[in-house]
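Now for the letters of each chain:
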Amino acid sequence: MNVFVAGHRGMVGSAICRQLAAQPEVNVITASRDELDLTSQLQVSEFFQKNKIDQVYLAAAKVGGIHANNEYPAEFIYENLMIESNIIHSAYKAGVKKLLFLGSSCIYPKMAEQPMKESALLTGVLEPTNEPYAIAKIAGIKLCESYNRQYGVDYRSVMPTNLYGENDNFHPENSHVIPALMRRFHEAKIASAKEVVVWGSGKPMREFLHVDDMAAASLFVMNADKAVYDNCTETMLSHINVGTGVDCTIAELALTMAKVVGFEGEVVFDSTKPDGTPRKLMDVSTLEQLGWKYSISLKDGLGMTYTWFLEHQDDFRG
């Protein structure tokens, strides 16, 4: 079976490739940016015509933090719309029956009720800072649903919570909370610093999922029996949340991180800095009904990630 993983060098795409590689019956197909421009309709169409592809994992996307989303909103909406439109349409034209689109929890309204259910989609105003990216991801869900309705293909969508793990971005300015804290605690330990200051009160609650669990869930959802999948979802509400269904405070995360890294100084919270949204938690009851649940605890996942970070820290200098 030939499986194309779009975005194979990203954190999620690379994790999916690792799990697919363990299956002898699967031939993983990838293409670097130099080999294939996913924003080019012609190149993507020709790629699908040349390769006999049975399944597609659409993990490719233009991603970035709040600063990047604010500075380059046109790039974020354009590139993501082009990537998903080209891949989904070319997959259909080439006769690919099964595809999995990876979205983001930012598709849900800014003030969505917690925990966020799949049914919250399109019920309210989005977070303004990443609205263009979120709209592109919503369009990807609706592309899949529309092609299913009109052409009878089986294109599914999963919406992950906050992810972390191997191949995460540890840049000192552009990284998300887990890699940012991990790097900060590690550098404080090396410098024998007396304290590490964490922005905010530490009270906001967040949910985190290790990328290996996300990859496992992606393979599970892709290959779940269609009748079971259709029974758990709706024709025009077909996406599935992927997460742990468990959250923790930023303070709990920081203290756990200090233990994992081996930082023995004091953890100080600067409440003069912004906290952000009080809580972001996914309702994962649909995924559990389908038959999947996470297996990597936050503490174990942080330990795995720190081991990987130590092996690759030279890549993150500067």
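Residues numbered from 1 in each chain as written. Predicted model: local features only at pLDDT ≥ 70, side-chain atom pairs only at ≥ 80, totals over all residues. Heavy atoms only, no water.

*Asks:* Explain the overall build of the chain to me, please; I cannot follow it from the model alone.
*Replies:* When helices and strands are counted, the chain shows 11 helices and 12 strands. Relative to its length of 318 residues, the chain is compact, with a C-alpha radius of gyration of 20 Å against a globular reference of 20 Å. Principal-axis analysis of the C-alpha atoms places the extent of the chain at approximately 60 × 40 × 40 Å. Within the chain, the proportion of its 318 residues that are buried is 50%. A sequence separation of at least 24 residues applies to 81% of the contacts in the chain between residues at least 6 apart. Taking the average place of the 29 positive charges on the side chains of the chain and the average place of its 39 negative ones, the gap between the two points comes to 1 Å. (Helix = DSSP H or I, 4+ residues; strand = E, 2+ residues; numbered from the N terminus. Rg over C-alpha atoms; globule rule 2.2 N^0.38 Å. Buried < 20%, exposed > 50% of the residue type's maximum accessible area, 1.4 Å probe, protein only. Contact = heavy atoms within 4.5 Å. Lys, Arg positive; Asp, Glu negative; His and termini not counted. Charge placed at Lys NZ, Arg CZ, Asp CG, Glu CD.)

*Asks:* Honestly, the nonpolar core in this entry has me stumped. Any pointers?
*Replies:* Across soluble globular proteins, nonpolar side chains have a tendency to be buried as a group. Ranked by size, the top nonpolar core spans 42 residues in total, and within it Phe4, Phe48, Ile87, Leu99, Tyr108 and Tyr155 carry the most contacts. By residue number, the principal contributor to this core is helix H5 (residues 131-151), which donates six residues. Among all residues touching Tyr155, those that are not within four sequence positions of it are Ile88, Ala91, Tyr92, Val96, Lys97, Lys98, Leu99, Cys144, Tyr147 and Asn148. Membership of the second largest hydrophobic core comes to 30 residues, among which are Val3, Cys17, Leu209 and Cys232. (Core = buried A, V, L, I, M, F, W, Y, C linked by side-chain atoms within 4.5 Å.)

*Asks:* Is there a simple way to explain H5 in this structure?
*Replies:* Think of an α-helix as turning once every 3.6 residues; residues three or four places apart then point the same way. With 21 residues, H5 should cover 30 Å at 1.5 Å per step; its first-to-last C-alpha distance of 29 Å lies within 8% of that length. The elements touched by buried residues of H5 are helix H3 (66-71), helix H4 (73-93), strand E4 (98-102) and strand E5 (154-160). Downstream of H5 by one or two residues, Gly152 has phi in the positive range, about 70°. (Expected span 1.5 Å × (residues − 1).)

*Asks:* Can you help me understand the environment of Val267 in this one?
*Replies:* Structurally, Val267 is set in strand E11 (residues 266-270). Considering only alpha carbons, one finds Val267 and Glu84, 183 residues apart in sequence, at a separation of 42 Å.

*Asks:* Sorry if this is basic, but what is going on with the side chain of Asp247 here?
*Replies:* Within the element layout of this structure, Asp247 appears in strand E10 (residues 247-249). Note on Asp247: relative accessible area 16%, which makes it buried. A polar side-chain atom of Asp247 sits 2.7 Å from a polar atom in the side chain of Arg279. The contacts of Asp247, once residues within four sequence positions are left out, are Met205, Arg206, Glu207, Arg279 and Leu281. (Polar contact = N/O pair within 3.5 Å; in protein donor to acceptor, adjacent residues only side chain to side chain.)

*Asks:* What is the right way to read the environment of Val26 from this model?
*Replies:* Tracing the chain through its elements places Val26 in the loop between helix H1 (11-21) and strand E2 (27-29). Residue class for Val26 comes out buried when judged on its relative accessible area of 12%. With 24 residues separating them along the chain, Val26 and Asn2 place their C-alpha atoms 6.1 Å apart. If we skip the residues at most four places from it in the chain, Val26 touches Met1, Val3 and Leu20.

*Asks:* What's the story with the sheet that holds strand E3 (residues 55-58) in this structure? I'm lost.
*Replies:* Paired through their backbone hydrogen bonds, the strands of a sheet run either parallel or antiparallel. The six strands lie next to each other as E2-E1-E3-E4-E5-E9, forming an open sheet whose pairing is parallel. What marks the edges here is a single partner per strand, and that holds for E2 and strand E9 (240-242). This sheet shows a mean twist of 25° between the axes of neighbouring strands, independent of strand direction. Where strand E1 (residues 2-6) meets E3, four bridges bridge the pair, whose relative direction is parallel. Paired with Val5 across the bridge in E3 is Tyr57. With respect to the sheet, H1 is in contact with E1, E2, E3 and E4, its orientation differing from that of E1 by roughly 160°. (Pairing = 2+ DSSP bridges. Axes fitted to C-alpha atoms, helices over the stretch in contact; angles between N-to-C directions.)

*Asks:* Help me understand the pairing of E3 in this model?
*Replies:* Working note: regular strand, side chains alternate between the two faces of the sheet. The side-chain alternation of E3 yields two buried faces, one formed by Gln55 and Tyr57 and the other by Val56 and Leu58. Examined bridge by bridge, E3 and E4 share four bridges and lie parallel to one another. Counterpart to Val56 in the pairing with E4 is Leu99.

*Asks:* Sorry, what's going on with the state of the cysteines here?
*Replies:* Think of a disulfide as a covalent bridge from one cysteine sulfur atom to another cysteine sulfur atom. Here the structure, examined in full by the defined rule, presents zero disulfides. Note on Cys232: no disulfide assigned, nearest cysteine sulfur contributed by Cys144 at a separation of 18 Å. Using a relative accessible area of 13% as the deciding quantity, one classes Cys232 as buried. (Disulfide = S-S within 2.5 Å.)

*Asks:* Looking at this structure, I do not really get helix H2 (residues 41-50). What am I missing?
*Replies:* For H2, the complete set of buried residues consists of Val44, Ser45, Phe47 and Phe48. All buried residues of H2 lie within an arc of 160° about the axis, which places them on one face of the element. In this structure, H2 carries Leu42, Gln49 and Lys50 as exposed residues pointing more than 90 degrees from its buried face. For H2, the elements touching its buried residues are E1, E2, E3 and H4. (Arc of directions from axis to C-beta.)

Nothing here speaks to function; it is geometry throughout.
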